[in-house]
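Below, each chain spelled out in residue letters.
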Amino acid sequence: MDIFVTGGTGVLGRPVITLLVAAGHRVRGLAHSERAATELRGLGAEPVEGDLFDPISLRQAVAGADAVLHLATRIPAATAMRSRGAWHENDRIRREGTRNLVDAALAAGTSTFVYPSVAFVYPDSGDTWIDAATTPPQPSTDVLPSTIDAEAEVARFSAGGGRGVVLRMGRFYGADRFHGVDRFSRDILRAARRGVGMVLGDGDVYQSAIWIDDAATAVVAALDTRVQPGIYDVVDDEPLRQRELLAVLAHAVGRRRVRRIPTAVARTVSGVLADYIMRSQRVSNRRFREASGWTPSVPSARDGWRRLAAESGDRPLSEGRGTAPATRGAKVWLAALVAAALPVGSWQLFAPRSFYEDFPGFGRVWVSADGPFNEHLMRDVGAGTLALGAVALVALLWTTPATLRAAAAGALVSSVPHFIYHAVHLDRLPSTTDQVAQTITLGFAPVAAVALFWMAARLGAPRAGPRTEQEYAYGGSRVTGHGS
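Here's what I pulled together on the structure shown here. All of these numbers come straight from a predicted model, not from anything done at the bench.

### Here we look at the overall build of the chain
Okay, so step 1: Along the backbone of the chain there are 17 helices and 19 strands.
Okay, so step 2: Looking at the chain residue by residue over its 484 residues, the buried ones come to 52%.
Okay, so step 3: Total accessible area on the chain is roughly 20,100 Å²; 58% of this is exposed by carbon and sulfur atoms.

### Quick notes on the sheet that holds strand 3 (residues 46-49)
Okay, so step 1: Within the open sheet, the 7 strands sit side by side as 3-2-1-4-5-7-14. Their pairing is parallel. The sheet is open, and its two borders are formed by strand 3 and strand 14 (230-234), each paired with just one other strand. Neighbouring strand axes in the sheet, compared pairwise and without regard to direction, differ in orientation by 25 degrees on average.
Okay, so step 2: Where strand 1 (residues 2-6) and strand 2 (residues 26-31) come together, 4 bridges link them in parallel fashion. Pairing of F4 across the sheet is with R28, part of strand 2.
Okay, so step 3: Packing of helix 2 (residues 34-43) onto the sheet brings it into contact with strand 2 and strand 3, and relative to strand 2 it is tilted by some 165 degrees.
Okay, so step 4: Helix-sheet contacts for helix 3 (residues 55-62) involve strand 1, strand 2, strand 3 and strand 4 (67-70), and the interaxial angle to strand 2 is about 165 degrees.

### As for the pattern of salt bridges
Note on pairing: side chains with opposite charge can pair once their charged atoms come close.
Okay, so step 1: According to the stated counting rule, one finds 22 salt bridges in the structure shown.
Okay, so step 2: Residue D204 is joined to R243 by a salt bridge in which the shortest nitrogen-to-oxygen separation is 2.3 Å. With D204 in the loop between strand 11 (196-197) and strand 12 (206-207) and R243 in helix 8 (residues 242-253), this pair connects stretches of sequence that are 39 residues apart.
Okay, so step 3: A relative accessible area of 45% places R243 in the partly exposed class.
Okay, so step 4: The partner of D370 in a salt bridge is R428, and the shortest N-O contact between them spans 2.7 Å. One end of the pair, D370, is in the loop between strand 19 (364-365) and helix 15 (375-397); the other, R428, is in the loop between helix 16 (401-423) and helix 17 (432-459), and 58 residues separate them in sequence.
Okay, so step 5: Assessed through its relative accessible area of 26%, D370 is described here as partly exposed.
Okay, so step 6: A single network of salt bridges, built from pairs that share partners, joins D2, R26, R28 and E46.

Thresholds, definitions, all that
Residues numbered from 1 in each chain as written. Predicted model: local features only at pLDDT ≥ 70, side-chain atom pairs only at ≥ 80, totals over all residues. Heavy atoms only, no water. Helix = DSSP H or I, 4+ residues; strand = E, 2+ residues; numbered from the N terminus. Buried < 20%, exposed > 50% of the residue type's maximum accessible area, 1.4 Å probe, protein only. Areas by Shrake-Rupley, 256 points an atom, 1.4 Å probe, with all protein chains shown as cover. Pairing = 2+ DSSP bridges. Axes fitted to C-alpha atoms, helices over the stretch in contact; angles between N-to-C directions. Contact = heavy atoms within 4.5 Å. Salt bridge = Lys/Arg side-chain N within 4 Å of Asp/Glu carboxyl O.

Here it is as structure tokens:
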């Protein structure tokens, strides 16, 4: 077949093109830049200059194609996803781009048009099995209506005499056989290794996912004329509840457990996406399996995340080069900082007179010997000590190189001037015993800071294994543009 592809260098486009070329098809890909053209040639496709928003160039590009695979999308960066404005370009690709491409395909007499949609359009359905035949979409968020509009354009293609196939895909994760592990999946594994599950929603919520390579084989399977026009679901065989997924992630990275992001925090961070990423969607792939003979090679995330942890080269902490001892050691230092800073800071802030007169206790007096009482100053110092304890507590619960460095920097900045001041004013203390005890006590925080900086460097050291940077379409933080 002569197959025309948009979005051919994206996370889905790359494996799709490679499969098609290997099967002997002639593949032409839309390219609006020389870089995209070079990538397409590397995949074995013929680049065709054009633009989704230029109907004339698009008709010329599609001419002669037996099938069109519309894989283009532009997902915002992860840091911008929560903002509605970041989705405008993606909406335009789905609405205007799909409309122009359907027009071009109809004019060219193309027989087949395949569009990968998203399963997020379904309503919250609890533990009920759902699919395109039984459950109408509920695109109530600002981001999803453009997807339904694109699906309507594919239906218009079918009404015009062609065979339009929509594949509602689950959340992408994993790897494809040709290009390795995608960045989004590596980020999830790295967070899990540090005890944080990038899993949003209540523990009972079902999440339907699809291994990237399986998504690609589904697109190719949709070219088979046995697949009648319509909407199908491409997900794995066994959608997992979020709590099950957390357990799977923990096992994959060698931890006893990983913590779920609190729902309130997830909603705040997700912004405009919160409405649909919190939905429970237990989607069935039965209709597409029966229509095409397609089956997923990774039937469940139970298998996928274990396999992914091995393929990514990101071994569990217990197998990492020095990472487990560094993590344990860091937690000991952090726990000691928390144990010291929180009680002392609370004493300073909430009972400043008592602290002034009685610290450190046991009949010894270290503070009142140094000058008159100042409640304002004492409470301010207490708040600063509590802040250091809070940062150390966060690093203790979510231990990463970044949180360790934050705790170390806070301890260093707050403790070194404090230590130096008292080291040069030891004569104000009543005895040698007090001088030695105070010096040892105040020296703890600077030593802890140095230790935490060293352990952060150990945890952040590079590991062996592939590190291919990849763009990805659904659920990712890199851009996959129309033709790029």
